[in-house]
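The lines below spell out each chain.
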2 protein chains.
Amino acid sequence: MIFDRILEEKLKRAIRDIPDYPKPGIVFKDITPVLASPELMQETAHALERQARSFRPDAIAAVEARGFIFGSILARQLNCPFIPVRKPGKLPYRTVQESYTLEYGTASVEIHEDAIRPGWRVLIHDDLLATGGTADAAAMLVQRLNGVVAGFSFMINLEFLPGEQNLKNKYHIQPAYLVNFNR
Amino acid sequence: MIFDRILEEKLKRAIRDIPDYPKPGIVFKDITPVLASPELMQETAHALERQARSFRPDAIAAVEARGFIFGSILARQLNCPFIPVRKPGKLPYRTVQESYTLEYGTASVEIHEDAIRPGWRVLIHDDLLATGGTADAAAMLVQRLNGVVAGFSFMINLEFLPGEQNLKNKYHIQPAYLVNFNR
């Protein structure tokens, strides 16, 4: 994986810890200070683009809502189709749906059934890799529509959670990210 | 307003009508075929960028989730901060909130209270202008944080709904868009 230590340090300084959000005991990684800095946004976009190209994707599938922010930039810079992965009921046309396990209960994501041409290599992008449940569900949707999972792209990896290992074990692909948090 | 008739025709052909979504009697404008075409996505991004530059913004405020798709591209191309405008409870830090009227009841949007520096000219971007309620609420948030509403940017205007007129009357700004639907 292409990894830039200097950018990682800049992102670590910019990303803001929000304790007890969205619920008690969780420390949320707030990326809005990165988005607020044109310099950091350019560097982040460049680094994500470089990683994304290494997967040679035909299309970018991005998970709403934060995944749309850099996902669309990736699609534009790589001249690829942009495929929105959304929560149930948010896509207007016919969809396919996959569920995944949360700490308590389950959640689902959908894509349009006409979003992927058979054989397309699809890169899955989201802002953050935690347990990997959402990315896994998105990857299963790609496969159900006869696409190929080209890779996984994130801004942030939480290395104290099993998402990276889960995706590696199941898809035999090293997920790409720009910054690794150990707490 | 900068307006490209050839691009408008291309977008009209690509955007898909979904009858009775999200509820009976509403015809939804589905932009996913635009996002699926790299050529249309590039042309749309270029045209939105050209319009956006004419407002000379210091920052781009984009409404979740579809507004994030071209909003982040605008922020990157204009080298501006990207400010997410989100539904209540979705932003992790301290927020300010504005409500607006829907056909039945009300809805609200929020931005982070530290998102805007006083005096910044902020361009508000979303995918579609209908009644203008969301864009108006976003503009009120900009003003509450002592920003200046620089302009409004959309891919689609629904000219049979009063959004364009409402925003013109209140902010004395002609909203910019790429395609105008009369039904």
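The rules we used
- Residues numbered from 1 in each chain as written.
- Chains lettered and ligands numbered in written order.
- Predicted model: local features only at pLDDT ≥ 70, side-chain atom pairs only at ≥ 80, totals over all residues.
- Heavy atoms only, no water.
- Helix = DSSP H or I, 4+ residues; strand = E, 2+ residues; numbered from the N terminus.
- Rg over C-alpha atoms; globule rule 2.2 N^0.38 Å.
- Buried < 20%, exposed > 50% of the residue type's maximum accessible area, 1.4 Å probe, protein only.
- Contact = heavy atoms within 4.5 Å.
- Areas by Shrake-Rupley, 256 points an atom, 1.4 Å probe, with all protein chains shown as cover.
- Lys, Arg positive; Asp, Glu negative; His and termini not counted.
- Charge placed at Lys NZ, Arg CZ, Asp CG, Glu CD.
- Core = buried A, V, L, I, M, F, W, Y, C linked by side-chain atoms within 4.5 Å.
- Least-squares fit on C-alpha atoms with pLDDT ≥ 70 in both.
- Pairing = 2+ DSSP bridges.
- Right-handed = clockwise from strand over helix to strand, strands pointing away.

Q: Is there a simple way to explain the overall build of chain A in this structure?
A: Within chain A, the regular secondary structure consists of six helices and nine strands. A compact globule built from 183 residues would reach a C-alpha radius of gyration of about 16 Å, and chain A, at 16 Å, matches this within 12%. Seen along its three principal axes, the alpha-carbon backbone of chain A occupies a region of about 40 × 40 × 30 Å. Split into buried and exposed, the 183 residues of chain A put 58% on the buried side. By sequence separation, contacts in chain A at least 24 residues apart represent 60% of the contacts at least 6 residues apart. Element-wise, carbon and sulfur atoms account for 50% of the exposed surface of chain A, whose accessible area totals about 7800 Å². Within chain A, one finds 22 positive and 21 negative side-chain charges whose respective centroids are separated by 2 Å.

Q: Is there a simple way to think about unusual backbone geometry in this case?
A: Residues apart from glycine generally show negative phi values, whereas peptide bonds are mostly found in trans. The omega torsion across B:Tyr21 and B:Pro22 is -5°, close enough to zero to call that bond cis. Note the cis peptide between B:Glu64 and B:Ala65, where omega equals -10°. Relative to the helices and strands, B:Ala65 is located in the loop between strand E3 (59-63) and helix H4 (67-78). The residue A:Asp20 is not glycine, and still its phi comes out positive at about 60°. Secondary-structure assignment places A:Asp20 in the loop between strand E1 (16-19) and strand E2 (27-30). One non-glycine residue with positive phi stands out, namely B:Asn79, at about 55°.

Q: How do you make sense of the nonpolar core when you look at a structure like this?
A: In summary, soluble globular proteins display a tendency toward joint burial of nonpolar side chains. Counting 130 residues, the largest nonpolar core has A:Phe152 and B:Phe152 as the members making the most contacts within it. Each residue touching B:Phe152, except ones within four places of it in the same chain, is listed here: B:Phe55, B:Leu123, B:Ile124, B:Ala135, B:Ala139, B:Leu167, B:Tyr171, B:Ile173, B:Pro175 and B:Ala176.

Q: I keep staring at the relation of the copies chain A and chain B and nothing clicks. Help me out?
A: Relating the two copies of this chain is a rotation about some axis coupled with a shift parallel to it. Rotating chain A by 180° about the axis while translating it 0.0 Å along that axis superimposes it on chain B, leaving an RMSD of 0.0 Å. Considering both components of the superposition, the chain copies are consistent with a two-fold axis. Comparing interface residues between copies, 100% of those in chain A also lie at the interface in chain B; the contact surface is shared.

Q: So what exactly am I meant to see when it comes to the pairing of E3(B) here?
A: Successive side chains on a regular strand alternate, one facing one side of the sheet and the next facing the other. All names here are of chain B. Across the five residues that make up E3, a large majority, five, are buried. The alternating pattern of E3 places Ala59, Ala61 and Val63 on one face and Ile60 and Ala62 on the opposite face, and all of these are buried. Pairing of E3 with strand E7 (residues 121-129) involves four bridges; the strand directions are parallel. Bridge assignment links isoleucine 60 to a residue of E7, and that residue is leucine 123. Across four bridges, E3 lies against strand E4 (residues 82-85) in parallel orientation. When the bridges of E4 are listed, valine 63 appears paired with valine 85. Once you follow E3 into H4 and on to E4, the crossover reads as right-handed.

None of the figures reported here should be taken as evidence of function without further support.
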